[in-house]
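A look at the structure
These are the residues of each chain, in order.
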Amino acid sequence: SENDIHQRLQRQMQRSCQQMRNEPEKVFRPLLAPQAWSDTHEEMIGGLQVGFSHTQGRRPTMEDEHLAISFNLNIEGRNYPVQLFGLFDGHGGAEAARFVRDNLQRKLEQSLAEYNQQGLTKAGIWKALKKACIRLNREFKDTQGWIADQQGTTAAIAMIVDGKIW
């Protein structure tokens with residue numbers, strides 16, 4: 001319900017504020033937009049024209065990755081075309097961003113099938129998206145050893161399934 005969502009957002013904001021209070025002082029250094037992008041390209045993904053541009057910031061190596069793929073999901077004998085997009089901002093190295101890029105589709109397909117066994121539902125899709133991310137995090141930690149203690153990634157994910165964006 002709307003009230004539940006409001007309460008969850010309030011709790012998340014409280015956790016975020018607490019985390020900010022517990023972190024050491026950080027110096028904010030703004031960067032100007034680059035004059036030229038390192039890599040710019042366009043491609044067709046599931047009938048959609050998609051463009052990408054990125055450039056390396058102040059880090060010595062590029063730690064970011066992106067994903068744009070199309071695949072078919074079969075649930076209860078019905079075929080659903082899926083377009084999946086992701087931007088992964090690596091922290092402390094590129095391994096976590098690469099891991100998520102390379103494994104998100106697999107984990108998402110597994111979760112979508114698990115939580116939508118009787119056909120796609122809003123609740124099933126939402127739970128599948130959350131569980132896929134949780135499971136990716138756990139798998140990265142389990143398989144990457146010490147690297148997982150040193151690195152991470154933020155992920156901005158969008159998925160189009162059954163004509164709706166998630």
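What comes next is a walk through the structure. All figures in this text were calculated on a predicted structure; none of them were measured in a lab.

The next thing to look at is the overall build of the protein chain. Counting its secondary structure elements, the protein chain contains four helices and six strands. Residues classed as buried in the protein chain amount to 28% of the 166 residues present. At a minimum sequence separation of 6, the contacts of the protein chain that also span at least 24 residues come to 60%. For the protein chain, the accessible area works out to roughly 11,500 Å², and carbon and sulfur atoms hold 51% of it.

Here we take up the side chain of Ser111. Mapped onto the elements, Ser111 comes out in helix 2 (residues 95–115). If we skip the residues at most four places from it in the chain, Ser111 touches Ala128, Lys131, Ala132 and Arg135.

Before going further, it helps to examine the pairing of strand 3 (residues 64–75). Bridge count for strand 3 against strand 4 (residues 78–91) is twelve bridges, and the pairing is antiparallel. Bridge pairing in strand 4 links Leu67 to Gly86. The hairpin formed by strand 3 and strand 4 contains two residues between the paired strands, and Glu76 there has a positive phi angle of roughly 55°.

Here the focus is helix 2. In this model helix 2 runs 29 Å from its N-terminal to its C-terminal C-alpha over 21 residues, within 8% of the 30 Å that 1.5 Å per residue would give. The largest bend along helix 2 reaches roughly 50° and is located at Asn103. Of all the residues in helix 2, the buried ones are Ala96, Ala97, Phe99, Val100, Asn103, Leu104, Lys107, Leu108, Ser111 and Leu112. Next to the buried residues of helix 2 lie strand 3, strand 4, helix 3 (122–144) and strand 5 (152–161).

You can see Leu112 is positioned in helix 2. Overall, the relative accessible area of 0% leaves Leu112 in the buried class. Sequence separation between Leu112 and Lys131 is 19 residues; the distance between their C-alpha atoms is 9.3 Å. Setting aside residues no more than four positions away along its own chain, Leu112 makes contact with Leu73, Ile75, Ile125, Ala128 and Met159.

The subject of this paragraph is unusual backbone geometry. Positive phi, normally seen in glycine, also occurs at Glu76, with a value near 55°. Within the fold, Glu76 resides in the loop between strand 3 and strand 4. The class for Glu76 is exposed, based on a relative accessible area of 59%. The backbone of Asp162 sits at a positive phi, close to 55°, despite the residue not being glycine. Inspection of the secondary structure puts Asp162 in the loop between strand 5 and strand 6 (164–165). For Asp162, a relative accessible area of 37% gives the class partly exposed.

The rules behind the values
Residues numbered from 1 in each chain as written. Predicted model: local features only at pLDDT ≥ 70, side-chain atom pairs only at ≥ 80, totals over all residues. Heavy atoms only, no water. Helix = DSSP H or I, 4+ residues; strand = E, 2+ residues; numbered from the N terminus. Buried < 20%, exposed > 50% of the residue type's maximum accessible area, 1.4 Å probe, protein only. Contact = heavy atoms within 4.5 Å. Areas by Shrake-Rupley, 256 points an atom, 1.4 Å probe, with all protein chains shown as cover. Pairing = 2+ DSSP bridges. Expected span 1.5 Å × (residues − 1). Bend = angle between axes of the 7 residues up to and from the residue.

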